[in-house]
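Listed here are the chains, written in short residue letters.
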Amino acid sequence: MLEIKNLSVAVEGKEILHNVNLTVNTGETHVLFGPNGSGKTTLLMTIMGFPKYRVTKGTIAFKGTDITHASVDERARLGIGLSFQRPPVVRGVKTRDMVFAALKEKDKPEMVDTLAKDTNLEEFLDRDINYGFSGGEIKRSELMQLLAQRPDLVLLDEPESGVDLENIALIGRLINELLEKGSKIRVRSSMGLIITHTGHILDYVHARNGYIMLDGSISCMGDPHEILAEIKEKGYEECARCVFRSARYVT
Amino acid sequence: MSRSIKPAENYKEKARTAATKKATMGEDIDLTSYTRSAEEHPYQKDPSKLPRVTKNQMLSAGIMLDDPTQRTGTFIQIDNTPIHSSVKQDGVEVMPVSEAMKKYDWLGDYYWKAVPVDTDKYTASVELGQNDGYFIRTQPGTKTDFPVQACLYLSKAKLAQNVHNIIIAEENSELHIITGCTTSLGNEPGMHLGVSEFYIKKGAKITFTMIHSWNPEFAVRPRTAAIIEDNGLFLSNYVLMKPVKSLQMNPIARCNGENATARFNSILVALPESNMDVGSRVFLNGKGARTEIISRAITTGGHITARGYIEGNAPEVKGHLECRGLILDNRGTIHAIPELKGTLAGIDLYHEAAIGKIAEEEVEYLMARGLTRDEATATIVRGFLHVDIEGLPPMLNQELQRAVKVSEQDFM
Ligand SMILES: Nc1ncnc2c1ncn2[C@@H]1O[C@H](COP(=O)(O)OP(=O)(O)OP(=O)(O)O)[C@@H](O)[C@H]1O
Ligand SMILES: [Mg+2]
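Residues numbered from 1 in each chain as written. Chains lettered and ligands numbered in written order. Predicted model: local features only at pLDDT ≥ 70, side-chain atom pairs only at ≥ 80, totals over all residues. Heavy atoms only, no water.

Participant: Just to check I follow, could you spell out the overall build of chain A for this structure?
Facilitator: Along its length, chain A carries eight helices and 12 strands. Every one of the 251 residues in chain A was classed for burial, and the buried ones make up 55%. Carbon and sulfur atoms provide 50% of the accessible area of chain A, an area that totals close to 11200 Å². A gap of 3 Å separates the mean positions of the 32 positive and 35 negative side-chain charges of chain A. (Helix = DSSP H or I, 4+ residues; strand = E, 2+ residues; numbered from the N terminus. Buried < 20%, exposed > 50% of the residue type's maximum accessible area, 1.4 Å probe, protein only. Areas by Shrake-Rupley, 256 points an atom, 1.4 Å probe, with all protein chains shown as cover. Lys, Arg positive; Asp, Glu negative; His and termini not counted. Charge placed at Lys NZ, Arg CZ, Asp CG, Glu CD.)

Participant: Is there a simple way to explain the site of ligand 1 in this structure?
Facilitator: Residue and element names in this part refer to chain A. Contacts to ligand 1 come from 15 residues, most closely from Asn36, Gly37, Lys40, Thr41 and Thr42. In this structure, Asn36 approaches ligand 1 through a side-chain N or O atom, which is 3.0 Å from an oxygen atom. Separating an oxygen atom of ligand 1 from a side-chain N or O atom of Thr42 is a distance of 2.5 Å. Considering every element that reaches the shell around ligand 1, the biggest residue donor is helix H1 (residues 40-48), with three residues. (Near = heavy atom within 4 Å. Polar contact = N/O pair within 3.5 Å; in protein donor to acceptor, adjacent residues only side chain to side chain.)

Participant: What is the right way to read the sheet that holds strand S10 (residues 191-195) of chain A from this model?
Facilitator: Whenever strands of a sheet pair, they do so through backbone hydrogen bonds, lying parallel or antiparallel. Residue and element names in this part refer to chain A. A sheet is described by the order of its strands in space; here six strands give the open sequence S6-S9-S10-S3-S11-S12, paired in mixed fashion. The open sheet has two edge strands, strand S6 (80-83) and strand S12 (217-222), and neither has a second partner. Taken pair by pair, the neighbouring strands of this sheet meet at an average axis angle of 20°, ignoring direction. The sheet contact formed by strand S3 (residues 29-33) and S10 spans four bridges and is parallel. Note that in S10 the partner of Thr29 across the bridge is Gly192. Contacting S6 and strand S9 (153-157), helix H5 (residues 135-149) runs over the sheet at an angle of about 170° to S6. Strands S3, S9 and S10 of the sheet are contacted by helix H6 (residues 165-179), whose axis makes an angle of about 145° with S10. (Pairing = 2+ DSSP bridges. Axes fitted to C-alpha atoms, helices over the stretch in contact; angles between N-to-C directions. Contact = heavy atoms within 4.5 Å.)

Given below as structure tokens:
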């Protein structure tokens with residue numbers, strides 16, 4: 001379970017997130033909507049633990065442990081994984097090295113090639129990570145690394161934006177695979193928190209809740225399909241005025 | 001040592017006039033504090049019989065003696081004595097340069113023809129000291145199956161080793177060389193002066209991979225130049241990741257032929273107290289000539305000057321210069337000096353230079369995959385030192401990467 005309580009976050013001295021509360025139970029996937037610059041990426045980066053995102057108030061707990069001040073690698077080893085919206089290029093570090101670094105089952109190095117095949121990135125393994133990758137290739141590469149890492153909490157920052165129609169099905173399938181871990185016994189142990197603008201991802205994963213982030217606060221919670229329909233119909237402007245929703249969420 | 005080259009007297013004369021001429025770069029080394037003489041070492045027919053410690057030291061510089069199946073030929077010089085030279089492929093010659101002098105009277109056409117004897121006191125010292133060196137040559141059309149390895153080894157304290165190497169790839173031949181220069185002296189001073197003259201004939205190719213492994217008291221002054229004819233290729237890789245007191249070199253490639261190509265890759269790591277000034281100069285004199293100069297410099301406390309110079313003097317030439325430096329310790333400094341000169345229209349030269357520390361964002365990206373901070377940093381440093389070398393046979397590339405990997409352990 002991921003439990004975020006009264007979380008406020010500042011970046012470079014400026015408060016971006018204000019009093020965010022959010023709980024993802026084991027086995028659940030939640031979806032985060034919100035306009036550009038509203039703080040969605042900030043929330044995911046904070047959960048992952050990047051020091052630039054300074055927690056000024058509140059707590060983050062994962063699997064019953066307070067991780068508010070844990071380092072990035074501690075969180076990764078605890079089972080949190082993030083697909084970056086804009087990962088950095090690391091010159092000289094090969095994609096193969098990244099996938100292997102992420103690989104949970106280090107005794108199965110052949111997995112690296114298998115995953116590259118699954119994500120249609122075989123030719124990228126010997127290229128510098130993210131160097132000259134297209135938008136869609138970055139998305140697949142991020143998922144490939146997460147598939148190696150097998151996190152219990154999967155944080156996906158716009159996994160489908162910039163992805164063409166053909167690849168979107170592939171991405172959807174890969175995300176499902178990430179989230180459906182242990183599905184053989186029909187008990188899902190993994191959790192997901194996915195940022196999306198288009199909502200395409202809802203066609204592939206079963207999402208329990210949707211949220212709208214507005215100006216650094218979560219302003220509404222509900223059925224993700226319904227929320228998406230409302231956003232499409234009325235836009236975020238309307239959403240900001242929707243006192244009912246925010247009232248319902250706050251209580 | 002007797003040499004049968006006629007104009008040699010002239011060179012001696014010229015050398016004497018330059019005997020105190022300071023180099024234009026690098027700190028001045030007092031040559032009088034070194035000796036030129038060393039006792040002779042016995043010839044070794046089977047170099048695998050050398051003492052284990054010696055072989056290990058040579059191995060650290062890429063010289064393999066226990067299993068020479070991966071080598072086309074071997075040359076070993078200890079102090080002033082060539083103790084072994086052998087070759088097992090027709091059309092490839094490996095011998096002490098003194099022997100080649102006796103054998104070929106035409107060698108005068110190559111002797112001090114790429115590197116002027118009066119360049120500075122160090123080239124002068126090589127002519128006046130004459131402690132041999134190697135001669136490696138491929139006959140027209142011959143391609144070496146495996147690299148030829150050459151080891152210049154210093155075992156006597158305070159010796160200045162003066163070697164003169166001549167390397168010739170005749171037309172359409174292909175010659176791969178791995179050179180290891182190293183010493184058995186743990187912390188005692190020594191000096192290595194090496195002149196290397198490369199001649200790459202039409203359509204020929206030389207790859208030259210040089211690994212240096214010295215000690216904190218060593219002064220090193222290599223003087224190298226290559227002359228490349230039509231469609232020839234000179235590919236030079238240089239690795240120095242071990243301590244050195246003072247090293248300065250600025251090899252020259254003259255791409256005189258049409259479409260002649262020169263590529264230099266340097267991997268430099270300066271540990272505390274190490275001082276290195278390493279550059280590469282390429283003159284694009286033939287139409288369509290090309291070059292790429294790439295250097296990676298890391299300091300963990302020492303000083304590095306990383307130079308690069310490309311001059312375009314002919315139509316349709318292209319050159320790219322890339323210097324990247326990483327400062328891992330505040331005591332260290334890196335000074336990158338990339339230079340371009342064009343003397344006519346229609347040339348295409350550019351350079352990139354960057355010095356910095358490891359980007360925090362990159363470290364954190366790797367940490368998000370579960371690596372600790374130290375592991376992430378090491379991975380990035382390793383990646384920084386990894387240069388994909390185009391045109392180097394896979395085997396040599398692997399050996400180069402292995403040499404880099406072994407040395408990494410010293411500073412990471
Ligand atoms: N390093 C920074 N310095 C200053 N402001 C920052 C910094 N990083 C983020 N911000 C600001 O924080 C706000 C939230 O950014 P964030 O990236 O979380 O938005 P987002 O909801 O993910 O937007 P998008 O949909 O465009 O990805 C923005 O106004 C952004 O400019
Ligand atoms: Mg974002």
